[in-house]
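Residue-level listing of the chains:
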Amino acid sequence: MVPHHLWTWFASTRVGRSIFRVGPPHSNLERSQAMVSSLLLHVQPAKVNRHALKASYSLGLGLISLYLFFILIGTGTLLMFYYVPSTTQAYDRMKDLQFVVSAGLFVRNMHRWAAHLMVAAVMLHMCRVFYTGAYKAPREFNWLVGVGLFLTTLGLSFTGYLLPWDQLAFWAITVGTNIAGYAPIVGPKLKYLMLGGNTVGQEALTRFYALHVIVLPAIGGLGVAIHMWRVRKDGGLSRPDEPVSVAESLPLAQLPTNKSYGLMELARGTTPQVGRDPDDEVFSWPSLIFRELVLFLVVVAFVLFLAIFWNAPLEELANTIHPPNPAKAPWYFLGLQELVSYSAFWGGVAVPALIVTALVVLPYLDRGREGVGVWFARERRVATTVFSVCVAVAIALTVVGTMFRGPNWGWVVPWRTPPPAMEGH
Amino acid sequence: MNPKPLGDTAVTRRGFFQLSMGWVAGTFAVAATAIATVRFLVPNVVFEPAQLFKAGAPEDYPDGSITFLEDERVFVLRRGNTFRCLSAVCTHLGCTVNRSDKGFHCPCHGSVFNRDGAVVSGPAPRALTWFLVTLSKDNRLVVDKGQNVAHDKYLIL
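Residues numbered from 1 in each chain as written. Chains lettered and ligands numbered in written order. Predicted model: local features only at pLDDT ≥ 70, side-chain atom pairs only at ≥ 80, totals over all residues. Heavy atoms only, no water.

**Brief notes about the state of the cysteines**
Residues and elements named next belong to chain B. Applying the stated criterion across every chain yields a total of 1 disulfide over all chains. Between Cys95 and Cys108 runs a disulfide, and the two sulfur atoms are separated by 2.0 Å. Judged by the sign of its S-S torsion, about -90°, the cystine formed by Cys95 and Cys108 is left-handed. Taken as a pair, Cys95 in the loop between strand 4 (82–87) and strand 5 (98–100) and Cys108 in the loop between strand 6 (103–105) and strand 7 (112–114) lie far apart in primary sequence, 13 residues in all. (Disulfide = S-S within 2.5 Å. Helix = DSSP H or I, 4+ residues; strand = E, 2+ residues; numbered from the N terminus.)

**A short note on the environment of Trp229 of chain A**
Mapped onto the elements of the fold, Trp229 of chain A is located in helix 11 (residues 202–233). Separated by 91 residues in sequence, Trp229 of chain A and Thr320 of chain A have C-alpha atoms that sit 46 Å apart.

**Examining empty space enclosed by the protein**
Residues and elements named next belong to chain A. Inspection of the entire model under this criterion finds 1 cavity of 30 Å³ or more. Estimated volume of the largest cavity: approximately 40 Å³. In terms of lining residues, the largest cavity is bounded by Arg112, Tyr161, Pro164, Asp166, Leu168, Ala169 and Pro313. Considered class by class, the residues forming the lining of the largest cavity number 5 nonpolar, no polar and 2 charged. (1 Å grid on protein atoms, 1.4 Å probe; cavity = no way out; pocket = protein on both sides within 12 Å on 5 of 7 lines; lining within 4 Å. Points joined across faces, edges and corners; volume = space filled by probe spheres on them. Nonpolar A, V, L, I, M, F, W, Y, C, P; charged D, E, K, R; others polar.)

**As for the confidence of the model for chain B**
Counting all residues, the mean pLDDT for chain B is 88, and 95% of those residues have values of 70 or more. Predicted complex metrics record ipTM = 0.78 and pTM = 0.85. (pLDDT = per-residue confidence, 0-100.)

**Focus: the packing of helix 9 (residues 167–180) of chain A against helix 10 (residues 187–195) of chain A**
All names here are of chain A. At a closest axis distance of 7 Å, the pairing of helix 9 and helix 10 adopts a crossing angle of 145°. Of the residues in helix 10, those touching helix 9 at Thr177, Asn178 and Ala180 are Gly187, Leu190, Lys191, Met194 and Leu195. Looking at the contact of helix 9 with helix 10 residue by residue, the class counts come to 4 nonpolar, 3 polar and 1 charged. (Axes fitted to C-alpha atoms, helices over the stretch in contact; angles between N-to-C directions. Contact = heavy atoms within 4.5 Å.)

**A look at the pattern of salt bridges**
Side-chain pairing between opposite charges can occur once the charged atoms of the two side chains come close. Scanning all chains against the criterion turns up 7 salt bridges over all chains. In this structure, Arg405 of chain A engages Glu338 of chain A in a salt bridge whose closest nitrogen and oxygen atoms are separated by 2.7 Å. Note that Arg405 of chain A is positioned in the segment after helix 16 (381–403) and Glu338 of chain A in helix 14 (residues 331–340), a separation of 67 residues in sequence. Linking Arg84 of chain B and Asp116 of chain B is a salt bridge whose minimum nitrogen-to-oxygen distance equals 3.7 Å. Residue Arg84 of chain B is found in strand 4, and its partner Asp116 of chain B is found in the loop between strand 7 and strand 8 (119–121); the two are separated by 32 residues along the sequence. In this structure Arg84 of chain B comes out as buried when scored by relative accessible area, which is 6%. Accessibility expressed as a relative area gives 32% for Asp116 of chain B, which makes it partly exposed. (Salt bridge = Lys/Arg side-chain N within 4 Å of Asp/Glu carboxyl O. Buried < 20%, exposed > 50% of the residue type's maximum accessible area, 1.4 Å probe, protein only.)

Take a look at the structure:
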């Protein structure tokens, strides 16, 4: 019996039906029922637009971020069974994970690489949404939720950074919290609140631990739920405007009632799923589910690959007297650190605040309806150019901070002198 | 109370008080909870080294020496019979500065300070801080990191 038959056989047994409610779907009606009668599957629509399935459009970046989030919750929970958030024990526990706990090193590797990948995936997802104009009406609010999730991701990464209590952890957080101290008016108080004192010590470790394992994951999980809910309510993934069909131009009450799916498919705005030309839509089971499963396996395989061949770095025990030279933040903050090396206020407070403000107001300022659902649409040349310049500057600063800065934050040429100690080496 | 028909927007005295009291009570409850939560998170006691500490006897420091005290992250400078104490915490982002030939430099973002702690180059916004040095009755140097002084203020013995 091949596994597929084993599965359909089990789903059609009395026990199988009691679990899945609907047996293996054979008709379109049953394919819809399979989606809406399962708690896990009903999050997604019974039918989905063909455009949303195009990997070349979405690049699957949102789903990749979500899958990495799942991996991080799983591995993070495992790590919690051994980790102790104490300045005297934390580092020893990291060493235990490396050398004593079975698969401890491997789980930590997975957690670290998935965290880096998630930051990258979330950033790329944001770029994709911008370049395809997907934040435009009616999706403005979902872009805001996305900005919140982006900041939550950075917060999770930053708080997790302190927990190993090694040199990198201690000095990255010392620098990071001092940056917060430069904020106008509330800065010093905010720093004191974050650290639970004046310096990075036990109180700070306790606070970052609580933020890392419960507060921020809870905010992130809730945010993801709202984000995905709104994707559906706003009419599915963004796509170019289509010619309005006859059914759509009719009032809702006159819509054909012989559809195999119900009112849960109604979405607000100009892009409801019902009323579309049926040729544009395919059943989520199996078209969407299958693609999602494949992508999940690819993401897991990639994280496993990284975790097998590269170990997560762990520097010496935190030394509160001697910062490493140069002391570097994680790669996604190195652009800001490069700015901070010119001015702590501009690099640490003003520029980040400007970036966040620009991201928040963007969908409400850029109100043109053109170019939605197309990569680099002609009508959006100005927006695309401005955004690309900002991204290029950010990348340039990050590259400079990562590769061209050595001891005392002085200039080094990476191909002449040995590059400074970086993560992953 | 009989339910009013929909669309009746006339405000009665009782309705007005009920609504306004409701809003006042609700606002108060939310604000009190928020303030109490933030206040809860601000620690009243911190378990950190004291700001005021003894730095040994004056004789422990040779003439012309600059001594780094690791636990306190300060330099003690002696010239002749004068003593000063300089913070080793960079005013930029809190890294520990190192001594160099011409003064001090910070390894994190490259700030350079001269021997008086003044900024020569780099992103540091202020000079390194000088702390008040006094002598205790049992002939020990006492540094108060809570009191900043000018760079030319010495303890003269």
